[in-house]
Amino acid sequence: MKLLIIEDEPATAKRLEKMLAELLPEARNMGIIDTVEESIVFFQKNTEPDLVFMDIHLADGNSFEIFEKVEINCPVIFTTAYDQYAIKAFKVNSIDYLLKPIKQPELVKSLKKFQKNITPAVFPDYKKIAELLQSKPDAGLKRIVVKIGQSIKALEVSEIAYFVVENKTVYAVPKTGSRLPVEFTMDFLEKELDTEQFFRVNRSIIISFDAINSMFSYSKSRIKILLKPECSDDVVTSSERTSQFKEWLKGK
């Protein structure tokens, strides 16, 4: 998919180019043009792009002059700080009219209009990409540092089976089975750990998916979990977290 940006404000053009690169990662930008004259030359000498983003006020005139000089058959999305040209824009082959500053939700809607006019195979799932951009998950803690007497040890979080509270102290329990005190609260760990790998089943313990040995039905629809290495106390999901735990197990 080929795009063209006709815009005389460098910062606006670069911002739009960046947004389009995020929403349409497979698209190729044919360039950024800032004048009517250069735009006319481009359409005279090049194959048409699949979609044009066109500002109305350019460095040397009004972009509607381009349509008077060359035939443009590809869809155009006009971008401008003024709304009085909307009717005129739709008299040419415009599919949308975006007011500056352009915001991602409005840009997504314009791309959706464009999508209706082309084959699905050409168009990536920009909506899904936009959602991912909005919710980019933090990979979470990678390592923690623990102190044992006078020794300091760096531990990969991937090596930890679970975190547990005992006598108001939080311990990390590696897959090897030893217990190591950490200087974090459970609330902090719950927020910072990778939520795909770790889940806080109750107030006292956060478990890794890899640490689950087996599970059983428990009273009040809760779930009892046997861990590896074994935990000295029974590990049972709290009533308010049981439903979330089941979804977590499914990878949701």
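In this text, all values refer to a predicted model and were calculated from it rather than measured experimentally.

Participant: How do you make sense of the environment of Thr185 when you look at a structure like this?
Facilitator: Structurally, Thr185 is set in the loop between strand E12 (180–181) and helix H7 (186–192). Residue Thr185 is classed as partly exposed on the basis of its relative accessible area of 49%. C-alpha separation for the pair Thr185 and Lys168, spaced 17 residues apart in sequence, amounts to 9.5 Å. Of note is the side chain of Thr185, whose polar atom sits 3.1 Å from the backbone nitrogen of Phe188.

Participant: How do you make sense of the nonpolar core when you look at a structure like this?
Facilitator: Nonpolar side chains tend to gather and get buried jointly when the protein is soluble and globular. Core analysis: the largest hydrophobic core is formed by 20 residues, its most contacted members being Ile6, Phe43, Val52, Met54, Ile66, Ile72 and Phe78. Among the secondary structure elements, those contributing two or more residues to this core are strand E1 (2–6), helix H2 (36–45), strand E3 (51–55), helix H3 (64–69) and strand E6 (76–80). Among the elements that make up this core, the one with the highest residue count is H2 (four residues). The residues touching Ile66, leaving out its near neighbours within four places in the chain, are Ile6, Val36, Ser39, Ile40, Phe43, Met54, Leu58 and Ile72. Core analysis: the second largest hydrophobic core is formed by 19 residues, Met1, Ala13, Phe53 and Leu107 among them.

Participant: What am I meant to see in the layout of surface pockets here?
Facilitator: Space inside the largest pocket adds up to approximately 180 Å³. Along its surface, the largest pocket is lined by 14 residues, and Glu190, Thr195, Phe198, Phe199 and Arg200 are the ones closest to its centre. Elements that contribute at least two residues to the lining of the largest pocket include exactly H7, strand E13 (198–202) and helix H8 (242–249). A per-class count over the lining of the largest pocket returns six nonpolar, two polar and six charged.

Participant: Hey, could you run me through the packing of helix H1 (residues 10–23) against helix H5 (residues 104–115) in this one?
Facilitator: Relative placement of two packed helices is described by the angle separating their axes and the distance separating the axes. Put simply, H1 and H5 touch, their axes get as near as 11 Å, and they point 60 degrees apart. Between H1 and H5, the crossing angle belongs to the class labelled oblique. H5 is crossed by H1, and the crossing has right-handed handedness. Seen from H1, the contacting residues are Leu16, Met19, Leu20, Glu22 and Leu23; seen from H5, they are Gln104, Leu107, Val108 and Leu111. The residue inventory of the contact of H1 with H5, partitioned by class, reads seven nonpolar, one polar and one charged.

Participant: Hey, could you run me through the pattern of salt bridges in this one?
Facilitator: Opposite charge on two side chains permits pairing when their charged atoms draw close. Scanning the model with the defined rule gives 13 salt bridges in all. A salt bridge links Arg200 to Glu190; the shortest N-O distance between them is 3.1 Å. You can see Arg200 sitting in strand E13 and its partner Glu190 sitting in helix H7, a full 10 residues away along the chain. Under the relative-accessibility criterion, Glu190 is labelled partly exposed at 32%. Between Asp234 and Lys224 there is a salt bridge, with the nearest N and O atoms lying 3.8 Å from each other.

Conventions and cut-offs
- Residues numbered from 1 in each chain as written.
- Predicted model: local features only at pLDDT ≥ 70, side-chain atom pairs only at ≥ 80, totals over all residues.
- Heavy atoms only, no water.
- Helix = DSSP H or I, 4+ residues; strand = E, 2+ residues; numbered from the N terminus.
- Buried < 20%, exposed > 50% of the residue type's maximum accessible area, 1.4 Å probe, protein only.
- Polar contact = N/O pair within 3.5 Å; in protein donor to acceptor, adjacent residues only side chain to side chain.
- Core = buried A, V, L, I, M, F, W, Y, C linked by side-chain atoms within 4.5 Å.
- Contact = heavy atoms within 4.5 Å.
- 1 Å grid on protein atoms, 1.4 Å probe; cavity = no way out; pocket = protein on both sides within 12 Å on 5 of 7 lines; lining within 4 Å.
- Points joined across faces, edges and corners; volume = space filled by probe spheres on them.
- Nonpolar A, V, L, I, M, F, W, Y, C, P; charged D, E, K, R; others polar.
- Axes fitted to C-alpha atoms, helices over the stretch in contact; angles between N-to-C directions.
- Parallel < 35°, antiparallel > 145°, perpendicular 65-115°, else oblique.
- Left-handed = near helix turned anticlockwise from the far one by under 90°.
- Salt bridge = Lys/Arg side-chain N within 4 Å of Asp/Glu carboxyl O.

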